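Commentary on secondary and tertiary structure
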Amino acid sequence: MIKKIFLSFIAFSFSLPTLAADYQVSPDNDVMKLTFLGTGAPRPSTERYGPSIYVEAGDHKILVDAGPGMRERLFEAGGFDAISGVDHVIVTHLHFDHTVSISSAWLSGWLFGRRVPLRVQGPKGIKNMMDHIEKAYQWDIDYRVMVGVPKAGTELIVDEVSDGVIFDEDGLKITAFQVEHMPIDISTGDLLGLRGETLGFRIDYKGHSVLFSGDTRSTEKSEINKVGEGVDLLIHEVQVPSPGATPEANLANVSLTVHSTPEQVGHVFARTKPKMAVYSHIIPPGTTEADLRRDTAPYYDGPLTVAHDMMEITLTGDDIIIGERERQSDGKFEDSKVLDK
């Protein structure tokens, strides 16, 4: 009965912050929480920051991508404990709106209390990117270590990953798969041959399952149709075509070759039948929930949530609880006690 109540509330996008707050993440239970730190895309927005999702399960605190504004949203979500607690970042691809805040995850986490290496996993090219970031900030690290900040926590563990299981510890399994986001010839659909890969991820934890599409165009060949079948949450990007024929509108619509319209995503949701379909990475950021529901409805009539920044989704037992992340006060680092851990 509770599950039905929750799902009926979810379908109409009512918020249940008090219920979500009743469930705390612990290694002793099956609670899994997702906080949408940013639900936008490259276009700047004060309402939708760059794509980043904070995943908490047991002792694990993971970022899926690290877009613009990630550090500030993470601080809102959990204060210094969250900033210093993240020790794992998984990266879908190397576009700046998914990676520009990796340096903040690394260095802010270290400066404010993380004393273990930061693990970064992503597609081909992530090692080269992280090597350059490490070199760019070596002076910063040397400076802070010289004046007394412990060096522990400055280490990076970087893995280039592709298809298959990339992490499996403490009941948490992360699986990577290929998505269709590499540039193509518009007239033929053929790949243009750019080096590298683009990835989606599936996270399984104690009976719960969440799929992150990454950036992708949706076709019948999409791996999401297979990997995402029956998952609890299927989080998918979406782009609504820009109207008009201005140079700016035409430029914006070029990216439709590598992103998915509501019609295309609707077909994916209909095929995979998740317990809850979720839109995030919304292009353009001013697109409304009503717009997306209207444009998806002819192709998919199941449960659908349109994510916004600081939305929280809690998975526990058979329940999916949609709420709002309780925002932390600014607080003082001197009172945070993160260094006692």
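Each remark here, short or long, concerns the structure printed above.
Now for a look at the structure at hand. Worth saying up front: this structure is predicted, and the values here are computed from it rather than measured.

What counts, and at which threshold
- Residues numbered from 1 in each chain as written.
- Predicted model: local features only at pLDDT ≥ 70, side-chain atom pairs only at ≥ 80, totals over all residues.
- Heavy atoms only, no water.
- Pairing = 2+ DSSP bridges.
- Helix = DSSP H or I, 4+ residues; strand = E, 2+ residues; numbered from the N terminus.
- Axes fitted to C-alpha atoms, helices over the stretch in contact; angles between N-to-C directions.
- Contact = heavy atoms within 4.5 Å.
- Buried < 20%, exposed > 50% of the residue type's maximum accessible area, 1.4 Å probe, protein only.
- Patch = residues over 30% accessible without salt bridge, like charges linked within 9 Å, V, L, I, M, F, W, Y side chains within 5 Å.
- Areas by Shrake-Rupley, 256 points an atom, 1.4 Å probe, with all protein chains shown as cover.
- Salt bridge = Lys/Arg side-chain N within 4 Å of Asp/Glu carboxyl O.
- Parallel < 35°, antiparallel > 145°, perpendicular 65-115°, else oblique.
- Left-handed = near helix turned anticlockwise from the far one by under 90°.
- Arc of directions from axis to C-beta.

Turning our attention to the sheet that holds strand β14 (residues 311-316). Pairing in this open sheet of 8 strands is mixed, and the strands run β6-β5-β4-β3-β2-β1-β14-β15 from one edge to the other. For this open sheet the edge positions go to β6 (156-160) and β15 (319-324), each flanked by a neighbour on one side alone. Direction aside, the axes of adjacent strands within the sheet are offset by 20° on average. Pairing geometry for β14 and β15, over 6 bridges, is antiparallel.

Moving on, we get to the sheet that holds strand β10 (residues 208-212). With mixed pairing, 7 strands are arranged side by side in an open sheet as β7-β8-β9-β10-β11-β12-β13. Sheet topology places β7 (164-169) and β13 (304-306) at the edges, where each strand pairs with a single neighbour. For this sheet, the mean inter-axis angle between neighbouring strands, taken without regard to orientation, is 20°. The pairing of strand β11 (residues 233-239) with strand β12 (residues 276-283) spans 6 bridges and is classified as parallel. Bridged to L233 within β12 is M276. The strands touched by helix α11 (residues 289-296) within the sheet are β11, β12 and β13, with β13 carrying the most contacts at an inclination of about 150°.

Our next topic: the pairing of strand β1 (residues 32-38). Within β1, 7 of the 7 residues are buried, which leaves the element mostly enclosed by the surrounding structure. In the sheet, β1 pairs with β14 via 4 bridges, with the strands oriented antiparallel. Paired with M32 across the bridge in β14 is L315. Across 6 bridges, β1 lies against strand β2 (residues 52-57) in antiparallel orientation. Following the sheet pairing, L34 is matched in β2 by V55.

Looking now at a nonpolar patch on the surface. Together, W139, Y143, M146 and V147 make up an exposed nonpolar region whose accessible area comes to about 580 Å². Tracing the chain through its elements places V147 in the loop between α7 (138-146) and β6. Note on V147: relative accessible area 61%, which makes it exposed.

Running from N to C, helix α5 (residues 102-111) and helix α6 (residues 126-136) point in directions that differ by 50°, and their axes come no closer than 11 Å. Judged by the inter-axis angle, α5 sits oblique to α6. Here the hand of the crossing between α5 and α6 comes out right-handed. The residues of α6 that touch α5, namely those facing I102, S103 and W106, are I126, M130, I133 and E134.

Attention now moves to helix α10 (residues 262-272). All of the buried residues along α10 are P262, V265, G266, V268, F269 and T272. Taken end-on, α10 shows its buried residues confined to a sector of 160°, consistent with a single buried face. Buried residues belonging to α10 abut α8 (224-227), β11, β12, α11 and β13. Note on α10: the residue one or two positions beyond its end, K273, has a positive phi of about 50°.

Any functional reading would require information that these geometric values do not contain.
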